[in-house]
Number of protein chains: 2
Amino acid sequence: MAQSDTVDRILDAAEVLFAERGFSETSLRMITSKAKVNLAAVNYHFGSKNALIHAVFARFLTPYSATLEESFDELESKSEGRVPTLDRILWALAESAARMPQRNERGISIFMRLLGLAYTQSQGHLRKFLEQEYSEPFGRFMRLLKEATPELSAVDRYWRIQFMLGATAFTMSSSDALIGILETKIGVETSVQEIAARLVPFLAAGMKAPDKMQITPPA
Amino acid sequence: MAQSDTVDRILDAAEVLFAERGFSETSLRMITSKAKVNLAAVNYHFGSKNALIHAVFARFLTPYSATLEESFDELESKSEGRVPTLDRILWALAESAARMPQRNERGISIFMRLLGLAYTQSQGHLRKFLEQEYSEPFGRFMRLLKEATPELSAVDRYWRIQFMLGATAFTMSSSDALIGILETKIGVETSVQEIAARLVPFLAAGMKAPDKMQITPPA
DNA sequence: AACCGTTTCAAACGTATGTTTGAAACAAAC
DNA sequence: GTTTGTTTCAAACATACGTTTGAAACGGTT
C-alpha cells in the first residue's frame, strides 16, 4: 500500500487528465488534487512533470509492445515463409490493443487518446523518449509493412504510412468525443473495437490505392 | 503603415509561432518580441490572446472558404445534374488551398499545420469560433460527400470522414517535419502539392473500401 | 500652434505554474 | 523503545504567464 499506492494514484489521475486536456494544459496541482496526494509527491516520486509524462506512457506502452511482439511472432510463424498480408498486420496492432489487460473499460480509449496526443502535441522530450524506448517494435512494424506492400516505392510508402498514422492517431485521440457525437446524432452506440474494425479496411484500401494523382486537377 | 503594420506583424509572428509550437506553448511575449512590438499591443489591438488566435485563423480561413465556395460552384455547374465524384470533391479542397494568394512559400504548410492544430489541440473556444464562423462551407462539403458515396450507410460514412480528416489534419500539421525526414532519409524533396496529390487517392480509396471487418480477427 | 483621438511603451499587477525545503509522520529493524 | 530510512505534508520559492495601467509619443485637423 505504501509507495505503490501513491505512485499508482498519481499515474491514474495523470493518465485521465492528460488524455482529457493535454499535457501543457494539465497542471501538477490538478493531478495531485484528483489523486488526493500531496503536491510534492509528483516531484518526490517521479522527479519532474516530464518524467511523470514518460512514466504514464511507459506504464501502458511497455506491456503493449510486449503483446505486440507476440502478435508479430504468431503472425510470422503462421504464414510460414510467405509474407503476412497488410490486413493481418494492421489487425495485429488493433488486436494487441484490445487483448491488453485493461484497468477499466475506458482504458483503451485513454490509451488511444494518449498515443494520439504523443504524436500531435509537439513535446520534444516525449518524442525522444518514445523513439529510444520503443524503436524495436516500431521498426519491426515498418519492416512488415514494407514486405506487405512491395509494389510501392519507398516514397509512396512513406507518405501512405503517414496517412495511416494520421487517420489512426486522430480518430483514436478523439474517439470518445466522436462516439458521443454519433450517439446523439444518429443514436448508434459504438465501441473502440468497432472503430478499429472500420479503420483497418479503410487503411488497407488506402495503402493499396492506385497511383498518385497528376498535379493538375482532373479535367 | 500605422495600425495595420503592428496588427499584421503580430498576426505574422503569431501564425508562425502557433504553427511551430501550438497555442498554449506560445506566449504573448514570444509573439511580441518576434514581431518587434510592445507586449501590450496584442491586448490593445485584439483584446485577448484567444481573440488573437481567432484573428489568425480568420485571416486565412475567410479567403479560403470563399475560394472553396467558388470551387464547389464550378464543380456543380460543370457536372450538370450528375453528382461530382469523390476525387473531384477532395481535389477541389486541395486546389483551393493551393490557389489561395500566399504570403510566402511556407504559407500553405503553415495553413495546414494550423488547421491540424485546430482539430487536435482541445481549445474549446477555437472549435466554437470555427463552427459558428465556417459552418456553411463545411456543411456543403459534407453534403457533397454524402452524394458522392451513396453506397455507404450513415454510420460508415461518418467514421470514414473522420478517418479522412485525421489523415489530412495529421499529415498536413506535420508536413514540414515529414518532408524534412524524407529528405534526409531518402534524399527526395517534396512540396505540399505533391503530398496532396498522394493524399487524395489514398483517401478516395479508403472511402470506397469494401465493408467493415468482422470483429474477430481474420482466421 | 494648440488640440485630440489613436497608438506605443515601460512598468506593474495578480495569478498560476513547476519545483524545493525542512519538518513531521510513518514503518520496519534492531 | 530507540533508531533509521522512507514517505508525506504545508509552506514557500522563483519564474512565467495574460492582462492592466497611466503616461508618453504620434499624426492628422482645425
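Parameters and conventions
Within any chain, residue numbers begin from 1 and follow the written order of that chain's sequence. For this description, chains carry letters from A and ligands carry numbers from 1, given in the order in which they are written. pLDDT decides what is reported in this predicted model: residues at 70 or higher carry local features, side-chain atom pairs at 80 or more are listed and counted, and totals for whole chains, interfaces and linings draw on all residues regardless. For side-chain calculations, the full set of non-hydrogen atoms in the structure is used, while hydrogens and water are omitted. The secondary structure listing takes helices from DSSP runs of H or I that are at least 4 residues long and strands from runs of E that are at least 2 residues long, numbered from the N terminus. Contact definition: two residues touch when any of their heavy atoms are within 4.5 Å. Accessible area, probed at 1.4 Å, shrinks when two parts are joined; the buried area is that loss added up over both. Definition used for salt bridges: Asp or Glu carboxyl oxygen within 4 Å of a side-chain nitrogen of Lys or Arg. The term polar contact refers here to a pair of N or O atoms within 3.5 Å; inside protein, the definition further demands a hydrogen-donor-capable atom paired with an acceptor-capable atom, and it admits residues adjacent in sequence only when both atoms are side-chain atoms. Alignment of copies: least-squares fit on C-alpha atoms of residues with pLDDT of at least 70 in both copies. Only protein atoms enter the 1 Å grid used here, on which a cavity is any set of points holding a 1.4 Å probe that cannot leave and a pocket is any open set flanked by protein within 12 Å on both sides along at least five of seven lines; residues with an atom within 4 Å of a point are listed as lining. Grid points are joined across faces, edges and corners, and a volume is the space filled by probe spheres set on the points. Joining through side-chain atoms within 4.5 Å is the link that ties buried Ala, Val, Leu, Ile, Met, Phe, Trp, Tyr and Cys residues into a set, and such a set is a nonpolar core. Accessibility here uses a 1.4 Å probe with only protein chains present; expressed as a share of the type maximum, an area under 20% marks a residue as buried, one over 50% as exposed, and anything in between as partly exposed. Near, as used in this document, describes a residue that has one of its heavy atoms within 4 Å of the molecule or strand being considered. Polar here means any residue outside two lists: the nonpolar Ala, Val, Leu, Ile, Met, Phe, Trp, Tyr, Cys and Pro, and the charged Asp, Glu, Lys and Arg; Gly therefore counts as polar. Two rings belonging to Phe, Tyr or Trp (six-membered ring only in the last case) form a pair when the distance between their centres is within 6.5 Å. Interplanar angles under 30 degrees mark stacking, angles over 60 mark edge-to-face geometry, and anything in between is tilted. The predictor rates its confidence in each residue with pLDDT, a number between 0 and 100.

Draft legend 1. Main features of unusual backbone geometry. At K36(A), a residue that is not glycine, the phi angle is positive and equals roughly 55°. With respect to the secondary-structure elements, K36(A) resides in the loop between α2 (28-35) and α3 (40-45).

Draft legend 2. Local environment of the interface of chain B and chain A. Taken together, the contacts link 59 residues of chain B with 60 residues of chain A. Looking only at chain B, the three residues that lose the most surface to chain A are F163(B), R198(B) and F202(B), adding up to 16% of its buried area. Applying the counting rule to chain B against chain A returns two salt bridges. A salt bridge links D156(B) to R198(A); its shortest N-O distance comes to 2.1 Å. The interface formed by chain B and chain A contains four residue pairs in polar contact (both at pLDDT 80 or more). Of all the elements in the fold, those that place two or more residues in the side of chain B that touches chain A are α1 (2-21), α5 (86-99), α6 (107-120), α9 (154-173), α10 (175-186) and α11 (192-207) of chain B. Here the side of chain B that touches chain A takes 14 residues from α9(B), the largest share from any one element.

Draft legend 3. Focus on the relation of the copies chain B and chain A. Rotating chain B by 180° about the axis while translating it 0.0 Å along that axis superimposes it on chain A, leaving an RMSD of 0.1 Å. Expressed as an axis order, the relation between the two copies is that of a two-fold axis.

Draft legend 4. Here's a closer look at empty space enclosed by the protein. Per the stated rule, a full pass over the model turns up one cavity of 30 Å³ or more. Considering only enclosed or pocket space, the largest cavity measures out at about 60 Å³ in volume. Lining of the largest cavity is provided by G116(A), Y119(A), T120(A), A169(A), F170(A), S173(A), G116(B), Y119(B), T120(B), A169(B) and F170(B). Secondary structure elements with two or more residues in the lining of the largest cavity: α6 (107-120) and α9 (154-173) of chain A together with α6 and α9 of chain B.

Draft legend 5. Local environment of the nonpolar core. Core analysis: the largest hydrophobic core is formed by 145 residues, its most contacted members being L52(A), F57(A), L52(B) and F57(B). Here L52(B) is in contact with I10(B), L11(B), A14(B), F18(B), L28(B), I31(B), V42(B) and F46(B), once residues within four sequence places are set aside.

Draft legend 6. Inspection of the protein's contact with DNA strand D at higher detail. Lining the immediate surroundings of DNA strand D are 16 residues, of which T6(A), H45(A), L28(B), R29(B) and K49(B) lie closest. Looking at DNA strand D alone, sugar and phosphate atoms form 49% of those within 4 Å of the protein. In this structure, H45(A) approaches DNA strand D through a side-chain N or O atom, which is 2.8 Å from a phosphate oxygen. Elements with a contribution of two residues or more to the surface near DNA strand D: α1 (2-21) and α3 of chain A together with α2 (28-35) and α3 (40-45) of chain B. Considering each element in turn, the surface near DNA strand D owes the most residues, three residues, to α3(A). Classifying every residue of the surface near DNA strand D by side-chain character gives five nonpolar, eight polar and three charged.

Draft legend 7. Focus on the packing of aromatic side chains. Here the structure, examined in full by the defined rule, presents 14 aromatic pairs over all chains. Centroid distance Y64(B) to F111(B): 5.0 Å. Interplanar angle 70°. Geometry classified as edge-to-face. One end of the pair, Y64(B), is in helix α4 (residues 49-78); the other, F111(B), is in helix α6, with 47 residues separating them in the sequence. We note that Y64(B), like F111(B), is buried. One aromatic cluster in this structure is built from F18(A), F23(A), F57(A), F60(A), Y64(A) and F111(A).

Draft legend 8. Seen up close, the pattern of salt bridges. Residue and element names in this part refer to chain A. The tally for this structure, following the rule as stated, stands at 18 salt bridges over all chains. Notably, a salt bridge pairs R59 with E15, separated by 3.5 Å at the nearest N-O pair. Pair noted here: R59 is in helix α4 (residues 49-78) and E15 is in helix α1, with a separation of 44 residues, a long-range link. E15 gets classed as buried once you look at its relative accessible area, which sits at 8%. Members of the salt-bridge network, linked through shared partners, are E69, D73, E76 and R140.

Draft legend 9. Geometry of the environment of S71(B). Residue and element names in this part refer to chain B. Examined against the element boundaries, S71 turns out to sit in helix α4. When the C-alpha atoms of S71 and L126 are compared, they prove to be 26 Å apart, with 55 residues separating the residues in sequence. Contacts of S71, omitting those with residues within four sequence positions, involve A92, S96 and R99.

Draft legend 10. Summary view of the confidence of the model for chain A. With 93% of its residues at a pLDDT of 70 or more, chain A shows a mean pLDDT of 86. The low-confidence segment residues 215-219 of chain A, where pLDDT is below 50, has ten contacts with residues more than four positions distant or belonging to other chains.

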